[in-house]
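A look at the structure
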Amino acid sequence: MPGFCLRVVAALLAFTLAWWKLADWVCAPALHLAASVLQNHAYGWLAQVFTEPNTLKAITYPLPAPPRPFAEPLLIVEHATDNTNGLPLFLALLVGSKARRA
């Protein structure tokens, strides 16, 4: 059990560092797809959607269009790599288990 834990921790650190470096490239197609879907299907709620590296930004109103004079626009910023530790953790557990192919 201690060997498994050490392998998982070492692999998790390595995969997490690699994920931080590669996430901008890996997440870019998903960000552009999300921006496209939001622009085409949430046009009543969103004034503008745009992407930056690793970031999806949407300007929205609290009420559906047309915007009310008293409604202040909101800027929603979502980073693609926030809360995305699932892939590095999954790969670390695979490495830690030393799974063999059949």
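1. Remarks on the pairing of strand 1 (residues 46-52)
- Two elements, strand 1 and strand 2 (residues 55-60), share six bridges in a ladder whose sense is antiparallel. Residue pairing in the sheet places V49 in a bridge with A58 of strand 2.
- Hairpin connection, strand 1 to strand 2: the antiparallel pair is bridged by two residues, and N54 has positive phi, about 70 degrees.

2. What about the side chain of T60?
- In this fold, T60 is placed in strand 2.
- Among the residues examined, T60 registers a relative accessible area of 7% and is labelled buried.
- Once you skip the residues sitting within four places of it in the chain, T60 turns out to touch W45, L46, A47, E72, P73, L74 and I76.

The rules we used
Residues numbered from 1 in each chain as written. Predicted model: local features only at pLDDT ≥ 70, side-chain atom pairs only at ≥ 80, totals over all residues. Heavy atoms only, no water. Pairing = 2+ DSSP bridges. Helix = DSSP H or I, 4+ residues; strand = E, 2+ residues; numbered from the N terminus. Buried < 20%, exposed > 50% of the residue type's maximum accessible area, 1.4 Å probe, protein only. Contact = heavy atoms within 4.5 Å.

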